[in-house]
Amino acid sequence: MHTLKHHEIPGRVQIIQGQGGLPAIQVESAWSTAEIYPHGAHLTAFQKKGEAPLLFMSAASEFHADLPIRGGVPVIFPWFGAREGLAPHGFARVAAWNLLSAVVLPEGPVRLHFQLPSDDEFEVEYLVTVGPTLTLELVVSNIGEADFTFENCLHTYFQIGAIDTLEVTGLQGTRYRDQLLAADATETAASIRFTGEVDRVYDDHSAAVEIHDPALHRTIRVAKSGSCSTVVWNPWIAKSQRMPDFGDDEYLRMVCVESGNVRDHALTLAPGERSQLKVEISSRPLG
Ligand code: TA6
């Protein structure tokens, strides 16, 4: 905690003892507030002043150095999904990231710069910019001597008012892997609605997605670059009940729209190459 304190900026950046006794960084800009744990460089909150939170956090989430936080923005690296004998979704989300800097940008947003503890093969940096929008940048550099192949994903949990009236647009015509059916399909709906568990990995998708939420009278826009995969997930009832760190009825108030490069879109960097995954999250009144 003491090594973080020197990053404090009065009225903008404060280091607190967060849940589970983990250090947390509270950020305030002129437009918004946010909270990030160096544990996993995990954003647990982002909220525009006068608006409902944009990120969903499970009330049952663990806050422990060895466990992932449930909700917010898990940073998924260097693999997505399950791997035999390994933690699902990679190790970055349970690593203790270093905060390199916290600065107020000339236009007013606050930017935090994190780095995953170094490895002699790759370097991973994560930039979080808190302003009128939330911008996330995950930069991976190959600092080794051989090609490096990995998956990345910003696995964002969005807070919504009601799943039964929610619509997600921007994916029509896109091929996807249905993770539940282990089958490939093409999205035919202009607006995706939810009537059960949805777990789809959309391929060759670099466009923005919008989440239309009549219950909160809000549209959330997820714009991105450096990403060919979009994942849409809602656990619905049965899976919610199987997850110990997720409330049985929390599926009603969240949806994941995730941006990254997974499965066939895993990235390979030659020595000296770098990749940048960038996501900008914004909101506006419904429409
Ligand atoms: O991104 C969707 C997904 O792969 C789902 O299959 C579900 O497992 C979700 O991620 C959460 O994974 P986690 O390991 O955080 O429980």
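Here we summarise the structure given alongside this text. Nothing here was measured: the structure is a model prediction, and the numbers come from that model. (Residues numbered from 1 in each chain as written. Predicted model: local features only at pLDDT ≥ 70, side-chain atom pairs only at ≥ 80, totals over all residues. Heavy atoms only, no water.)

### Looking at the sheet that holds strand E18 (residues 209-213)
In spatial order, the strands read E6-E7-E8-E9-E23-E19-E18-E13-E16; together these nine strands make up an open sheet with antiparallel pairing. Each end of this open sheet is capped by a strand with a single partner; those strands are strand E6 (98-104) and strand E16 (191-192). With eight bridges joining them, strand E19 (residues 218-225) and strand E23 (residues 274-285) adopt antiparallel strand pairing. Its bridge partner being in E23, Val222 is matched across the sheet by Ile281. (Pairing = 2+ DSSP bridges. Helix = DSSP H or I, 4+ residues; strand = E, 2+ residues; numbered from the N terminus.)

### Comments concerning the site of the ligand
Close to the ligand lie Arg70, Phe80, Pro88, His89, Arg93, His155, Asp199, Val231, Trp233, Lys239 and Glu258. One of the side-chain nitrogen or oxygen atoms of His89 is found 3.0 Å away from an oxygen atom of the ligand. Here Arg93 contributes a side-chain N or O atom positioned 2.8 Å from an oxygen atom of the ligand. In isolation the ligand exposes 380 Å². Once the protein is present, 84% of that is buried. Most atoms of the ligand, that is more than half of them, are within 2 Å of grid points of the largest pocket. Here the shell around the ligand is built from residues that sort into four nonpolar, two polar and five charged. (Near = heavy atom within 4 Å. Polar contact = N/O pair within 3.5 Å; in protein donor to acceptor, adjacent residues only side chain to side chain. Areas by Shrake-Rupley, 256 points an atom, 1.4 Å probe, with all protein chains shown as cover. 1 Å grid on protein atoms, 1.4 Å probe; cavity = no way out; pocket = protein on both sides within 12 Å on 5 of 7 lines; lining within 4 Å. Sits in = over half its atoms within 2 Å of the grid points. Nonpolar A, V, L, I, M, F, W, Y, C, P; charged D, E, K, R; others polar.)

### Brief notes about the state of the cysteines
Inspection of every chain in the model, using the stated rule, returns zero disulfides. Of all cysteine sulfurs, the one in Cys256 lies closest to Cys153, which takes part in no disulfide; the gap is 9.0 Å. With no disulfide of its own, Cys228 has Cys153 as its nearest cysteine by sulfur position, at a separation of 12 Å. Among the residues examined, Cys228 registers a relative accessible area of 32% and is labelled partly exposed. (Disulfide = S-S within 2.5 Å. Buried < 20%, exposed > 50% of the residue type's maximum accessible area, 1.4 Å probe, protein only.)

### Regarding the pattern of salt bridges
This model, assessed by the stated rule, comprises 12 salt bridges. For Glu167, the salt bridge is made with Arg193, and the minimal N-O distance between the two is 3.3 Å. One end of the pair, Glu167, is in strand E13 (residues 167-169); the other, Arg193, is in the loop between E16 and strand E17 (198-202), with 26 residues separating them in the sequence. Exposure remark for Arg193: the relative accessible area of 43% places this residue in the partly exposed category. Its salt-bridge partner being Arg177, residue Asp184 comes within 3.1 Å of it at the nearest N-O pair. Judged by its relative accessible area of 47%, Asp184 is partly exposed. Members of the salt-bridge network, linked through shared partners, are Lys48, Glu51 and Arg218. (Salt bridge = Lys/Arg side-chain N within 4 Å of Asp/Glu carboxyl O.)

### Focus on the nonpolar core
Of all hydrophobic cores here, the largest spans 67 residues; its most connected members are Trp97 and Tyr126. Top element by residues in this core is strand E8 (residues 122-130). It accounts for five residues. (Core = buried A, V, L, I, M, F, W, Y, C linked by side-chain atoms within 4.5 Å.)

Geometric values such as these leave the question of function open.
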